[in-house]
Amino acid sequence: LLPQLADGIEGRGGKVFFAADAKEAVGYGLGVAQRHSVRRVVKGKSMVTEEIGLNEAFEDAGIETVETDLGEFIIQLAGETPSHIIAPAIHKTRREVGRLFADKLGIAYSEDPPTLTQAARTALREKFLTADMGVTGCNLACAETGHITTLSNEGNIRMSTSLPRLHMTFMGMERVVARLADHALLFRLLANAAVAQKMAGYVSYIGGPRTQFQADGPEEFHLVIVDNGRSRILADPEFREILCCIRCAACLNVCPVYGKIGGHAYGYAYSGPVGAVVTSLLVGLDRAKHLFFGETLCGACKNACPVEIDLPRMLLALRHRWAEGGGDALFQGSGDRAEHLAMSAWGELAKRPVLYEAARRLAAVGQHLLPISEGRITRLPPPLNAWTGERDLPAFAKQSFLQRWAADQAREGRG
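Bear in mind that the values here come from a model prediction, so they are computed numbers and not experimental data.

A. The arrangement of the sheet that holds strand S4 (residues 133–136) in detail. Read from one edge of the open sheet, six strands run S1-S10-S7-S4-S2-S3, paired in parallel fashion. Every interior strand has two partners, whereas the edge strands, strand S1 (15–19) and strand S3 (64–67), have only one. The sheet shows a mean angle of 20° between the axes of neighbouring strands, taken without regard to direction. Pairing of strand S2 (residues 40–43) with S3, which is carried by four bridges, proceeds in the parallel orientation. Each bridged residue has a counterpart across the sheet, and for Lys43 the counterpart in S3 is Glu67. Of the strands in this sheet, S1, S4, strand S7 (166–172) and strand S10 (220–226) are in contact with helix H2 (residues 22–35), which crosses S1 at around 145°.

B. Seen up close, the side chain of Glu295. Here Glu295 shows up in the loop between helix H14 (285–294) and helix H15 (300–304). Polar side-chain contacts of Glu295 include one of 3.1 Å to the side chain of Tyr266.

C. Examining the packing of helix H17 (residues 337–350) against helix H18 (residues 353–366) more closely. Where H17 meets H18, the closest approach of the two axes is 6 Å, and the angle between their N-to-C directions is 120°. Between H17 and H18, the crossing angle belongs to the class labelled oblique. Of the residues in H18, those in contact with Trp346, Leu349 and Ala350 of H17 are Pro353, Leu355, Tyr356 and Ala359. The class makeup of the residues in the contact of H17 with H18 is seven nonpolar, no polar and no charged.

D. Representation of the sheet that holds strand S6 (residues 147–152). Pairing is mixed across the open sheet formed by four strands, whose spatial order is S8-S5-S6-S9. What marks the edges here is a single partner per strand, and that holds for strand S8 (176–177) and strand S9 (202–206). The pairing of S6 with S9 spans five bridges and is antiparallel. Directly across from Thr150, in S9, lies its bridge partner Ser204.

E. Broad picture of the pairing of S7. Extensive coverage of S7 is indicated by the burial of seven of its seven residues. Burial along S7 is two-sided: the residues Leu166, Met168, Phe170 and Gly172 and His167, Thr169 and Met171 are all buried. In this structure, S4 lies alongside S7, joined through four bridges in parallel fashion. When the bridges of S7 are listed, Met133 appears paired with Leu166.

F. Inspection of the pattern of salt bridges at higher detail. Following the criterion strictly, the structure yields 20 salt bridges and no others. Close ionic contact of Arg179 with Asp182 constitutes a salt bridge, the shortest N to O distance being 3.0 Å. A salt bridge links Arg321 to Glu238, with the nearest nitrogen and oxygen atoms 3.0 Å apart. With Arg321 in helix H16 (residues 311–324) and Glu238 in the loop between helix H10 (230–234) and helix H11 (250–254), this residue pair connects regions lying 83 residues apart in the sequence. Because the salt bridges share partners, they merge into one network encompassing Arg40, Glu64, Glu126 and Lys127.

G. Summary view of the packing of aromatic side chains. A complete count under the given rule lists six aromatic pairs for this structure. Look at Phe292 and Phe293: their rings are 5.1 Å apart centre to centre, the planes differ by 40°, and that puts the pair in the tilted class. By relative accessible area, which is 0% here, Phe292 ends up buried. When its relative accessible area of 37% is taken as the criterion, Phe293 is described as partly exposed.

Rules behind the numbers
- Residues numbered from 1 in each chain as written.
- Predicted model: local features only at pLDDT ≥ 70, side-chain atom pairs only at ≥ 80, totals over all residues.
- Heavy atoms only, no water.
- Pairing = 2+ DSSP bridges.
- Helix = DSSP H or I, 4+ residues; strand = E, 2+ residues; numbered from the N terminus.
- Axes fitted to C-alpha atoms, helices over the stretch in contact; angles between N-to-C directions.
- Contact = heavy atoms within 4.5 Å.
- Polar contact = N/O pair within 3.5 Å; in protein donor to acceptor, adjacent residues only side chain to side chain.
- Parallel < 35°, antiparallel > 145°, perpendicular 65-115°, else oblique.
- Nonpolar A, V, L, I, M, F, W, Y, C, P; charged D, E, K, R; others polar.
- Buried < 20%, exposed > 50% of the residue type's maximum accessible area, 1.4 Å probe, protein only.
- Salt bridge = Lys/Arg side-chain N within 4 Å of Asp/Glu carboxyl O.
- Phe/Tyr/Trp six-rings, centres within 6.5 Å; stacked < 30°, edge-to-face > 60°.

Listed below in structure tokens is the structure:
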């Protein structure tokens with residue numbers, strides 16, 4: 001489908017570049033910008049540009065890069081990264097936004113959302129009108145017609161693509177469908193799962209630069225199709241299902257882990273259950289093992305997913321891959337010898353109730369040699385101190401569950 005898409009766009013005067021990794025994608029974007037003496041870029045919200053670090057590269061090259069999605073604009077002013085795929089500033093209160101706008105935009109402090117929105121529109125309008133290049137992501141591309149398609153509820157993407165003289169789209173290679181009819185179904189699923197709408201407010205089909213018969217649109221259109229590890233995922237039958245994700249964030253909205261810790265705790269562009277899977281596959285299991293081990297496997301993400309991706313299955317498979325190894329080097333974990341030994345010892349104890357109880361009693365007595373505050377152990381000796389470096393450990397109870405159970409049964413005459 002990708003060659004068919006590229007042929008359609010190039011047939012209308014657009015340029016298509018296939019980037020094997022983030023470095024190639026960023027390098028192509030910088031090359032085009034510098035060739036055209038670009039000084040200011042306006043961007044629509046794009047997770048793939050977060051993934052490849054485009055903003056930082058442009059800024060390092062002296063090119064002002066302005067996020068125009070309201071949520072992205074807020075977090076850019078705050079010097080932060082997105083906390084949510086759809087609502088990047090979901091962690092901000094209106095009071096925090098009011099203080100931020102007063103500091104960064106020089107307006108009087110206000111907590112009123114319409115006032116704050118108008119302040120952002122005023123600040124962004126000047127950026128739109130003076131930008132040399134517009135950069136967007138791609139929700140879906142259609143091979144049949146040779147178009148990329150974007151969705152938004154603010155109209156900012158439409159202005160980013162039609163006002164500047166250059167438009168560049170960065171698209172993950174999996175964001176392509178065969179037929180135009182497929183868009184109708186997937187866009188309705190996306191809008192409904194993301195924000196409970198029948199359809200997004202603005203839908204744009206873009207297939208190249210403007211023609212001589214069109215008044216609006218860019219002089220040049222560039223599509224950068226990014227691999228960056230996706231072909232490796234596609235080649236693995238155990239995980240290729242994750243490439244069907246339409247980035248609606250429904251799994252984030254129901255995930256108890258995401259709801260408790262927020263998106264920034266994941267440390268990468270993609271957060272929540274989908275981020276735990278896709279990030280691990282893109283950057284390697286050893287680097288991201290805390291993500292797939294940190295999810296609960298409760299299954300809420302699978303129930304919420306509009307395309308029924310089995311995220312719990314893949315999270316469990318990632319744990320198995322990390323522990324046992326196998327497959328591509330990036331998909332193969334190194335394991336932890338000390339952890340393996342500890343779990344093996346625990347397994348042997350668990351099979352021998354008498355020894356298990358003796359070890360429990362010994363640990364309950366030994367814990368009094370450790371610092372305990374309000375019933376919690378505040379520091380463990382090495383190598384276990386890695387755990388208590390970030391959190392306290394509940395102390396052993398005076399009675400085990402089995403002891404309490406036996407005592408209750410005895411009191412009720414069932415012993």
